[in-house]
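Listed below are the residues making up each chain.
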Amino acid sequence: MGRTCKVCGGSRPNEKFGGRGLRKVICSDCRKLPKDEITKILTTEEVYHFLEQSNISKKNIARLESLTTIEDESFQRLRGLVLEIAKAKPHKKRRWKFLRKEHPDLFQRAADSGFFVFLDAGLFENFDAPEGWSVLSDFLGADLDDLEYKMLEDWDY
C-alpha cells in the first residue's frame with residue numbers, strides 16, 4: 001500500500017521511508033534534497049494550511065511572524081499576505097466577503113497573487129481563467145462564502 005511523501009506528494013512503498021520522526025513521512029529520494037529546499041517546501045505547505053483552518057490563532061500568527069529565516073522572496077510575499085489576512089480576519093467564516101468589503105486592497109492583492117483562484121469569473125472585472133480551467137458562471141452574484149476556491153497546488157493542470 002505504501003505511504004505518501006510530504007515533500008514530493010508521491011506515493012512510495014514503505015521501504016522508501018526511514019524509521020522515526022520526520023523520516024517517516026519523507027521518502028529517501030526527497031531526503032537527498034538540500035535541507036533548505038525541504039524546509040521551504042514544508043513551510044510553504046504550512047502557510048497554505050493556515051488559510052484552511054477555521055481560526056488562525058495568536059500562536060499561528062506568531063508562527064507566521066517567526067518564519068523570516070527563509071530568504072526566498074516569493075515565500076516571504078506569500079507569508080506576508082497570509083499574515084495580513086490573518087490579522088484582518090482570523091476566522092474563516094465569511095473571510096473573503098469581509099476582506100472584499102472592508103479591505104478591498106488586501107482582497108485584490110490576494111486575488112492577484114495567484115495563490116488561489118475563485119471559480120467564479122464574475123467576481124473580478126480583469127480576471128481571465130487560464131486555458132483548460134472551467135469557470136463556474138452559475139455563481140454570478142452569489143454570496144462570496146458560497147463560492148468555491150482552491151489553492152493552486154490543488155489543481156491538476
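The structure presented is a predicted model; accordingly, all values stated were derived computationally and were not measured.

Topic: the packing of helix α5 (residues 95-102) against helix α6 (residues 104-113)
Contact pair α5 / α6: the axes reach a minimum separation of 5 Å and the direction vectors enclose 120°. In terms of axis orientation, α5 runs oblique to α6. Within the contact between the two elements, α5 uses W96, L99, R100, K101 and E102 and α6 uses P104, L106, F107 and A110. The residue inventory of the contact of α5 with α6, partitioned by class, reads 6 nonpolar, no polar and 3 charged.

As for helix α4 (residues 73-88)
Structurally, the α-helix is built with 3.6 residues per turn, so residues lying three or four positions apart point the same way. Relative to the 22 Å expected for 16 residues at 1.5 Å per residue, α4 spans 23 Å between its end C-alpha atoms, a close match to the ideal helical length. Looking at α4, one finds that the buried residues are F75, L78, R79, L81, V82, L83, I85 and A86.

Topic: the environment of R3
Here R3 lies in strand β1 (residues 3-4). On the accessibility criterion, R3 (31% relative accessible area) is partly exposed. Between the alpha carbons of R3 and N14 there is a distance of 6.2 Å; along the sequence they are 11 residues apart. Sequence-distant contacts of R3, defined by excluding residues within four places in its chain, comprise G10, S11, R12, N14, F17, G18 and K24. Only 3.3 Å separates the side chain of R3 from the side chain of N14, close enough to count as a polar contact.

Describing helix α3 (residues 58-66)
Among the residues of α3, those classed as buried are N60, I61 and L64. Taken down its axis, α3 places every buried residue within 100° of arc, on the same side. Away from its buried face by more than 90 degrees, α3 exposes K58 and K59.

Procedures and definitions
Throughout this description, residue numbers start from 1 for each chain and increase along the sequence as written. Only residues with pLDDT of 70 or above have their local features reported here, since the model is predicted, and side-chain atom pairs are shown and tallied only from 80 upward, although totals for entire chains, interfaces and linings are computed over all residues. Hydrogens and waters are ignored; side-chain quantities use all the structure's heavy atoms. With axes taken as lines fitted to C-alpha atoms, and helix axes fitted only over the stretch in contact, angles between N-to-C directions fall between 0 and 180 degrees. Only DSSP runs of H or I reaching four residues or more are called helices, and only runs of E reaching two or more are called strands; each is numbered from the N terminus. Small angles under 35 degrees read as roughly parallel and large ones over 145 as roughly antiparallel, with 65 to 115 read as roughly perpendicular and the rest as oblique. Note on contacts: a residue pair qualifies if any of its non-hydrogen atoms lie within 4.5 Å across the two residues. All amino acids are sorted into three groups, where Ala, Val, Leu, Ile, Met, Phe, Trp, Tyr, Cys and Pro are nonpolar, Asp, Glu, Lys and Arg are charged, and the leftover types, Gly among them, are polar. Each helix should span, by expectation, one fewer than its residue count multiplied by 1.5 Å. Classification of residues uses two cut-offs on accessible area relative to the type maximum, computed with a 1.4 Å probe and protein chains only: under 20% is buried, over 50% is exposed, and between them is partly exposed. We call two N or O atoms a polar contact when they sit within 3.5 Å, provided that within protein one can donate a hydrogen and the other can accept it, with sequence-adjacent residues counted only if both atoms are side-chain atoms. The arc in question is the one spanned by the directions pointing from the helix axis to the C-beta atoms.

Function cannot be read off these values alone, since they describe shape.
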